Amino acid sequence: GAGVSQSPRYKVAKRGQDVALRCDPISGHVSLFWYQQALGQGPEFLTYFQNEAQLDKSGLPSDRFFAERPEGSVSTLKIQRTQQEDSAVYLCASSSGGTSPLAKNIQYFGAGTRLSVL
Amino acid sequence: KNEVEQSPQNLTAQEGEFITINCSYSVGISALHWLQQHPGGGIVSLFMLSSGKKKHGRLIATINIQEKHSSLHITASHPRDSAVYICAVKYFGNEKLTFGTGTRLTIIP
């Protein structure tokens, strides 16, 4: 596709419910990132994939958060037993990982999924 | 303490004014990004810098590696420039971005 696509755009969940957020990166992009942005704050890193390999998950706040990218393209961020503090915008970004050092550094962002946990 | 500091947090200016937003960071980086975020969440990459200065239209970004400081300038500001501007850095050996808290810019007609 033309850009990074995230779905759903908005998700309302009851506390304790499981949610799954989807990210479709730019076609051919090797690297994929998930970020969490609380209201009024800058985004914070959650996890990073290179192709299907999850190379860094140091930002996942708890074991209720799980991300996968099984075929190296679409990624899903799953949050189990949601809590109110999970309410945030979840941003996905992808980059080409190309041979040019400059090209592989540019991350292209999706519009985000706004999660509200009631 | 956030490793990436931005100032000011909020900025309101009249249309046509010259705008400067500052970003400082604490350790060496491989690249610095300036991003724009409009209400609704979408983030657009404006610049990626590793040294010097870049210009795109009315936007200018500079970086001083020795002083660990970058500035984003907007000339002849316009109400459509109203957005949150975010500075983000990439550290050597690390693919993730570390973000500042953003500067909310409001341009009044």
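This report concerns the structure included in the present document. Treat the numbers as computed from the prediction; the structure is a model and nothing was measured. (Residues numbered from 1 in each chain as written. Chains lettered and ligands numbered in written order. Predicted model: local features only at pLDDT ≥ 70, side-chain atom pairs only at ≥ 80, totals over all residues. Heavy atoms only, no water.)

## A closer look at the overall build of chain A
Our working rule: Only runs of H or I of at least four residues qualify as helices and only runs of E of at least two qualify as strands under DSSP, and these elements are numbered from the N terminus. In this description the radius of gyration comes from C-alpha coordinates, and the expected globular size is given by 2.2 Å times residues to the power 0.38. In this scheme, a residue with accessible area under 20% of its type's maximum is buried, one over 50% is exposed, and one in between is partly exposed, where area comes from a 1.4 Å probe on protein chains only. For this analysis, residues touch if any pair of their heavy atoms sits within 4.5 Å. Only the protein chains shown count as cover for residues, and all accessible areas are computed by the Shrake-Rupley method using a 1.4 Å probe.
Counting its secondary structure elements, chain A contains one helix and eleven strands. Tracing chain A from N to C terminus, the helices and strands come up as β-β-β-β-β-β-β-β-β-α-β-β. For 118 residues, the compact-globule estimate of 2.2 N^0.38 gives 13 Å, and the C-alpha radius of gyration of chain A, at 14 Å, lies within 12% of that figure. For chain A, the C-alpha atoms occupy an extent of roughly 45 × 25 × 25 Å along the three principal directions. Split into buried and exposed, the 118 residues of chain A put 44% on the buried side. Look at the contacts in chain A between residues 6 or more apart in sequence, and 54% of them connect residues 24 or more apart. Of the roughly 5,800 Å² of accessible surface on chain A, a fraction of 49% belongs to carbon and sulfur atoms.

## Looking at the pairing of strand E11 (residues 113–117) of chain A
Residue and element names in this part refer to chain A. Our working definition: Only strands that DSSP links by at least two bridges are regarded as paired with each other.
Side chains Thr113, Leu115 and Val117 project from E11 onto a buried face, and the interleaved Arg114 and Ser116 project onto a face without burial. In terms of strand pairing, strand E2 (residues 10–13) meets E11 through four bridges, oriented parallel. Bridge pairing in E11 links alanine 13 to valine 117. The sheet contact formed by strand E9 (residues 88–95) and E11 spans three bridges and is antiparallel. Note that in E11 the partner of alanine 88 across the bridge is leucine 115.

## A short note on the nonpolar core
In summary, soluble globular proteins display a tendency toward joint burial of nonpolar side chains. Where we set the bar: Side-chain atoms within 4.5 Å are what join buried Ala, Val, Leu, Ile, Met, Phe, Trp, Tyr and Cys residues into a set we call a nonpolar core.
Counting 23 residues, the largest nonpolar core has Ile19, Ile29, Leu32, Trp34, Leu72, Tyr85 and Val89 of chain B as the members making the most contacts within it. Looking at this core, the elements that each hand over two or more residues are strand E3 (19–25), strand E4 (31–37), strand E5 (43–49), strand E7 (59–64), strand E8 (69–74), strand E9 (83–90) and strand E11 (103–108) of chain B. Discounting chain neighbours no more than four positions away, the residues touching tyrosine 85 of chain B are Gln6, Ile21, Leu35, Gln36, Leu46, Leu72, Ile74, Gly102, Thr103 and Leu105 of chain B. Membership of the second largest hydrophobic core comes to 20 residues, among which are Val19, Leu32, Ile79 and Tyr90 of chain A.

## Observations regarding the pattern of salt bridges
We apply this condition: Note on definitions: salt bridges are taken to be side-chain nitrogens of Lys or Arg within 4 Å of carboxyl oxygens of Asp or Glu.
One pass over the structure, following the stated rule, counts five salt bridges over all chains. Between lysine 78 of chain A and glutamate 68 of chain A there is a salt bridge, with the nearest N and O atoms lying 3.3 Å from each other. Of this pair, lysine 78 of chain A sits in strand E8 (residues 75–79) while glutamate 68 of chain A is found in strand E7 (residues 65–68), placing the two residues ten residues apart along the sequence. Glutamate 68 of chain A sits in the partly exposed class, given a relative accessible area of 26%. With a shortest N-O distance of 2.9 Å, arginine 58 of chain B and aspartate 81 of chain B are connected by a salt bridge. Of this pair, arginine 58 of chain B sits in the loop between strand E6 (52–56) and E7 while aspartate 81 of chain B sits in the loop between E8 and E9, placing them 23 residues apart in sequence. Residue aspartate 81 of chain B is classed as buried on the basis of its relative accessible area, which comes to 7%.

## Quick word on the state of the cysteines
All names here are of chain B. Rules: Whenever a pair of cysteine sulfur atoms sits within 2.5 Å, that pair is classed as a disulfide.
Inspection of the entire model under this criterion finds two disulfides over all chains. One disulfide in the model links cysteine 23 with cysteine 87; its S-S distance is 2.0 Å. Taking the sign of the S-S torsion, about -60° here, the bridge from cysteine 23 to cysteine 87 comes out left-handed. With cysteine 23 in strand E3 and cysteine 87 in strand E9, the pair connects residues that are 64 residues apart, well separated along the chain.

## A few points about the environment of asparagine 94 of chain B
Residues and elements named next belong to chain B. The condition that has to hold: Whenever two N or O atoms come within 3.5 Å, that pair is a polar contact, provided that in protein one can donate a hydrogen and the other can accept it, and provided that, for residues adjacent in sequence, both atoms are side-chain atoms.
Inspection of the secondary structure assignment puts asparagine 94 in the loop between E9 and strand E10 (98–99). Here the alpha-carbon distance between asparagine 94 and isoleucine 29, two residues 65 residues apart in the chain, equals 9.6 Å. Reaching out from asparagine 94, the side chain makes a polar contact with the backbone nitrogen of lysine 96 at a distance of 3.4 Å.

## Let's talk about the pairing of E8 of chain B
Residues and elements named next belong to chain B. The buried fraction of E8 amounts to five of the six residues, a majority that puts the element mostly inside the structure. Note: E3 against E8, six bridges, orientation antiparallel. Bridging from a neighbouring strand, serine 24 pairs with histidine 69 of E8. Hairpin connection of E7 to E8: four residues between the antiparallel strands, including lysine 68 at a positive phi of 55°.

That is the geometry; function is a separate question.
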